[in-house]
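Observations on the model geometry
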Amino acid sequence: MSDPIDLTQLESLPFEKALERLEEVVQLLERGDAPLEQAIQLFDEGMKLSHLCGKKLEWAEQQVEMLMQENGEWIKKPFVAEEDMD
């Protein structure tokens, strides 16, 4: 198990590291053997990591553009996820 993340530096954490730690936190909580105080701290850390990962994924999605061919020309269009099309 890795050490808890310094939550004051959370925003600078790379997505992959945040997701890796979130998975560890979930596994620790699922085991159910953490004392109550530690479980609450883990839950709080997990919620913050989950929020961070969601924000980073949303930002990445906004940055993705698709190249589409229209009338023989290649143009850039914003990426729209399938669930956003409904």
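Calculation rules
As a convention, each chain's residues are numbered from 1 in the sequence order in which they are written. Note on the predicted model: pLDDT of at least 70 is required for a residue's local features to be given, and 80 or more for side-chain atom pairs to be given and counted; whole-chain, interface and lining totals, by contrast, use all residues. The side-chain figures draw on all heavy atoms in the structure; neither hydrogens nor water molecules are used. Criterion for a salt bridge: a side-chain nitrogen of Lys or Arg within 4 Å of a carboxyl oxygen of Asp or Glu. Each helix is a run of DSSP H or I of at least 4 residues and each strand a run of E of at least 2, with the numbering of both proceeding from the N terminus. Only protein chains enter the accessibility calculation, which uses a 1.4 Å probe. A residue is then buried if its area is under 20% of the maximum for its type, exposed if over 50%, and partly exposed in between. In plain words, nonpolar cores are sets of buried Ala, Val, Leu, Ile, Met, Phe, Trp, Tyr and Cys residues tied together by side-chain atoms within 4.5 Å. What pLDDT expresses is the predictor's confidence in each residue, scored from 0 to 100. Inter-axis angles, ranging from 0 to 180 degrees, are taken between N-to-C directions of lines fitted to C-alpha atoms, where helices are fitted over the stretch in contact. If you view the pair so one helix is near and one far, a crossing is left-handed when the near helix is turned anticlockwise from the far one by less than a right angle, and right-handed when it is turned clockwise. Contact criterion: two residues are considered in contact whenever any of their non-hydrogen atoms come within 4.5 Å of each other.

**Observations regarding the pattern of salt bridges**
Counted under the stated rule, the structure contains 5 salt bridges. Across the pair arginine 21 and glutamate 24 runs a salt bridge whose closest N-O atoms are separated by 3.1 Å. Of the two residues, arginine 21 and glutamate 24 both sit in helix H1 (residues 15-31), 3 residues apart, roughly one turn of that helix. No difference in accessibility class separates arginine 21 from glutamate 24, as the two residues are buried. Ionic pairing is found between aspartate 44 and lysine 48, a salt bridge with its closest N-O pair at 3.2 Å.

**Structural notes on the nonpolar core**
Residues Leu10, Leu13, Ala18, Leu22, Val25, Leu28, Leu42, Leu49, Leu52 and Cys53 constitute the largest nonpolar core, which totals 10 residues. For this core, the elements supplying multiple residues, two or more each, are H1 and helix H2 (36-63).

**Examining the confidence of the model for the protein**
Across the protein, pLDDT averages 85, with 85% of residues at or above 70. Here strand E1 (residues 65-70) stands out as the element of the protein with the lowest mean pLDDT, 71, in contrast to H1, whose mean of 96 is the highest.

**Things to note about the packing of H1 against H2**
Taken N-terminus to C-terminus, the directions of H1 and H2 make an angle of 145°; their axes are 9 Å apart at the nearest point. Between H1 and H2 lies a crossing whose hand is left-handed. Contact with H1, carried on its side by Phe15, Ala18, Leu19, Arg21, Leu22, Val25, Leu28 and Leu29, involves Ala39, Leu42, Phe43, Glu45, Gly46, Leu49, Ser50, Leu52, Cys53, Lys56 and Leu57 of H2 and no other residues of that element.

**Remarks on the environment of phenylalanine 79**
Examined against the element boundaries, phenylalanine 79 turns out to sit in the segment after strand E2 (73-78). The spacing of phenylalanine 79 and glutamine 63 is 16 residues in sequence and 8.2 Å in space, taken between C-alpha atoms. Those residues in contact with phenylalanine 79 that sit more than four places away from it in its chain are Glu61, Val64, Glu65 and Met66.

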